[in-house]
Amino acid sequence: MLKSNYNGIYFQWQGKKKLVLTKNLTPKIKFFKEDLILEDNTEYRIFEPGRSKYSAAILQKISKLPIKENDSILYLGASHGYTCSYLSDIIGNKGYIFAVDLSPRVVRDLVKVSSVRENIIPLLFDANKPFLYKEKITKVDILYQDIAQRNQVDIFLKNVDLFLKNNGYCILCIKSRSIDVTKNPGEIYSYVRKQLAKKLKILDSKTLDPFQKDHCFFVCQKK
Ligand SMILES: C[S@@+](CC[C@H](N)C(=O)[O-])C[C@H]1O[C@@H](n2cnc3c(N)ncnc32)[C@H](O)[C@@H]1O
């Protein structure tokens, strides 16, 4: 197992395939049928780039991923909790994740995950209406967003304003087809870049093809 330069992330080669892994915070327990690797009495979980934009951004060699041990995170679009569970490995038991999704069906799964991973707090809310969960959460070190909505940049900036600490980091996964299916993804990404740059410092961005088609991953910092 090779320790990577990204916090809490390990690499292992499987033939020509580079695997991305985290240390399992809840050994022997898994919710996503992920493969586990045991080495030196430590259990690692394989983090698939086809299932997570975070893992895809690592394989695309994003230059900075700020999430680290003990961080507090607001995760918008947590879905069933796949990526959320790996961020839960990275931040450890002293960090916590407010995991927001508007679909009751996926939040039900998230509740099951959080019954074992106690650093995940599931919240059934629309991220477009942050005033509805304003009283339920604290300011956070990190804001992570992965929701396929036409106004995904507005939703992101609204939540950054309300909940991200000054100098905190924020990560936006953009699905270009949700913003405008008729436009070339490159055009969408430059529009998004301009919108973000008005309020944030953009640290890096990577397109996620071939792992996640027509997606781009932006890492920013609150000015
Ligand atoms: C692509 S999936 C997220 C996958 C997840 N981030 C992962 O990597 O495991 C997008 C999720 O965003 C949620 N979503 C869409 N619009 C939303 C909104 N306005 N507020 C909260 N969640 C939303 C959907 O219900 C869906 O679960």
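Residues numbered from 1 in each chain as written. Predicted model: local features only at pLDDT ≥ 70, side-chain atom pairs only at ≥ 80, totals over all residues. Heavy atoms only, no water.

> Is there a simple way to think about the pattern of salt bridges in this case?
Two side chains of opposite charge can pair, provided their charged atoms sit close to one another. The tally for this structure, following the rule as stated, stands at eleven salt bridges. Between Lys112 and Asp109 there is a salt bridge, and its shortest N-O distance comes to 4.0 Å. Taken together, the positions of Lys112 and Asp109, both in helix H3 (residues 104-116) and three residues apart, correspond to about one turn of that helix. A salt bridge links Arg177 to Asp214; the shortest N-O distance between them is 3.8 Å. Placement of Arg177 in helix H5 (residues 176-179) and of Asp214 in the loop between strand E11 (200-207) and strand E12 (215-222) is noted, with a sequence separation of 37 residues between them. On the accessibility criterion, Asp214 (11% relative accessible area) is buried. Put simply, Glu34, Arg45, Asp89 and Arg117 are held in one network by salt bridges that share partners. (Salt bridge = Lys/Arg side-chain N within 4 Å of Asp/Glu carboxyl O. Helix = DSSP H or I, 4+ residues; strand = E, 2+ residues; numbered from the N terminus. Buried < 20%, exposed > 50% of the residue type's maximum accessible area, 1.4 Å probe, protein only.)

> What is the right way to read the domain arrangement of the chain from this model?
What the domain assignment lists for the chain is domain 1 (2-49) and domain 2 (54-222). For domain 1 versus domain 2, the separation of C-alpha centres amounts to 22 Å. The interface is formed by 21 residues belonging to domain 1 together with 29 residues belonging to domain 2. Where domain 1 abuts domain 2, roughly 2,200 Å² becomes buried across the two surfaces, and 68% of that area is made up of carbon and sulfur atoms. Here domain 1 is connected to domain 2 by one salt bridge. The salt bridge involving Arg45 is made with Asp89; its shortest N-O contact spans 2.8 Å. Viewed at the interface, domain 2 and domain 1 are joined by eleven residue pairs in polar contact (both at pLDDT 80 or more). The set of elements that each furnish at least two residues to the side of domain 1 that touches domain 2 consists of strand E3 (17-23) and strand E5 (42-46). The element contributing the most residues to the side of domain 1 that touches domain 2 is E3, with four residues. (Domains from an automatic or database assignment. Contact = heavy atoms within 4.5 Å. Buried area = accessible area lost by both parts, 1.4 Å probe. Polar contact = N/O pair within 3.5 Å; in protein donor to acceptor, adjacent residues only side chain to side chain.)

> It is not clear to me how the site of the ligand should be interpreted in this structure. Could you clarify?
Taken together, 16 residues form the shell around the ligand, and within it Tyr75, Thr83, Asp101, Asp126 and Gln149 come nearest. Calculation on the ligand without its partners gives an accessible area of 610 Å², and the protein chains cover 83% of this total. For the shell around the ligand, the residue count by class is seven nonpolar, five polar and four charged. (Near = heavy atom within 4 Å. Areas by Shrake-Rupley, 256 points an atom, 1.4 Å probe, with all protein chains shown as cover. Nonpolar A, V, L, I, M, F, W, Y, C, P; charged D, E, K, R; others polar.)

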